[in-house]
Amino acid sequence: TSDHHFFAIEALLLAVYLLRFRTRILEADWLLLVVALSGFALSLLLDADLYSGSSYQRRLLVEDGAKLVGISAWCGFQLRSALRELDRAAPSTASAS
């Protein structure tokens, strides 16, 4: 189905991202990235109806909660990484005096 193609493309793009930036990721707060990817993965699994033994409301709450955790952790990871890169790029104030 088209969903499988979409998930395959997402997985491929994620693999490219992780390989391309592996050095920077390992230097960063990679635990936030692990939390983000785990939240997204849990959300996808729940969306794929692998958690059908529970009530609809509970499943929806857990799925959306996992997605929220994933998005929040992803934003935190990207923000902290960007701030770290800006600190690296900024001229040192000690050498200016």
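This is a predicted model, so every value here is computed, not measured. As a convention, each chain's residues are numbered from 1 in the sequence order in which they are written. Where totals are concerned, whole chains, interfaces and linings use all residues; where local detail is concerned, this predicted model gives features only for residues with pLDDT of at least 70, and gives and counts side-chain atom pairs only at 80 or more. The basis for every side-chain value is the complete set of heavy atoms in the structure, and neither hydrogens nor water enter the calculation.

Peer 1: It is not clear to me how a nonpolar patch on the surface should be interpreted in this structure. Could you clarify?
Peer 2: A cluster of nonpolar side chains, contributed by Leu 26, Trp 30, Leu 31, Val 34, Val 35 and Val 69, occupies part of the molecular surface with about 570 Å² of accessible area. Strands here mean DSSP runs of E at least two residues long; helices mean DSSP runs of H or I at least four residues long; both are numbered from the N terminus. Ranked by residue count, the leading element in the nonpolar patch is helix H3 (residues 30-47), at four residues. Looking at where Leu 31 falls in the secondary structure, it is placed in helix H3. Each patch is assembled from residues with relative accessible area greater than 30% and no salt bridge, linking like charges that lie within 9 Å and nonpolar side chains (Val, Leu, Ile, Met, Phe, Trp, Tyr) that lie within 5 Å. Values of accessible area rely on a 1.4 Å probe in the Shrake-Rupley scheme; residue burial ignores everything except the protein chains shown. The rule for a salt bridge is simple: a side-chain nitrogen of Lys or Arg has to be within 4 Å of a carboxyl oxygen of Asp or Glu.

Peer 1: Which parts of the structure should I look at to understand the packing of aromatic side chains?
Peer 2: Two aromatic rings are characterised by how far apart their centres lie and by the angle between their planes. Think of it this way: a Phe, Tyr or Trp ring, Trp meaning its six-membered ring, pairs with another when their centres are within 6.5 Å, and the plane angle makes it stacked under 30 degrees, edge-to-face over 60, tilted otherwise. In this structure the tally under the stated criterion is four aromatic pairs. Centre to centre, the rings of Tyr 17 and Trp 74 are 5.6 Å apart; their planes meet at 50°, and the pair counts as tilted. On the criterion of sequence distance, the pair formed by Tyr 17 in helix H1 (residues 2-20) and Trp 74 in helix H4 (residues 56-89) is long-range, its members being 57 residues apart. A relative accessible area of 26% means that Trp 74 is categorised as partly exposed. Ring centres 6.5 Å apart and planes at 40° place the aromatic pair Trp 74 and Phe 77 in the tilted group. Think of it in three bands: with a 1.4 Å probe and only protein chains considered, a residue is buried below 20% of the maximum accessible area for its type, exposed above 50%, and partly exposed in between.

Peer 1: In this structure, what is going on with H4? I would like to understand it.
Peer 2: Think of an α-helix as 3.6 residues a turn; residues three or four steps apart then line up on the same face. Expected helix span is given by 1.5 Å per residue-to-residue step, counting one fewer step than there are residues. Look at H4: 49 Å from first C-alpha to last across 34 residues, which is about the 50 Å you get at 1.5 Å a residue. Listing the buried residues of H4 in full gives Arg 59, Glu 63, Ala 66, Gly 70, Ala 73, Phe 77 and Ser 81.

Peer 1: Could you clarify how one ought to interpret the environment of Leu 32 in this entry?
Peer 2: Note on placement: Leu 32 falls in helix H3. Taking the relative accessible area as the measure of exposure, Leu 32 reaches 26% and is therefore partly exposed. For the pair Leu 32 and Gly 76, spaced 44 residues apart in sequence, the C-alpha separation works out to 7.0 Å.

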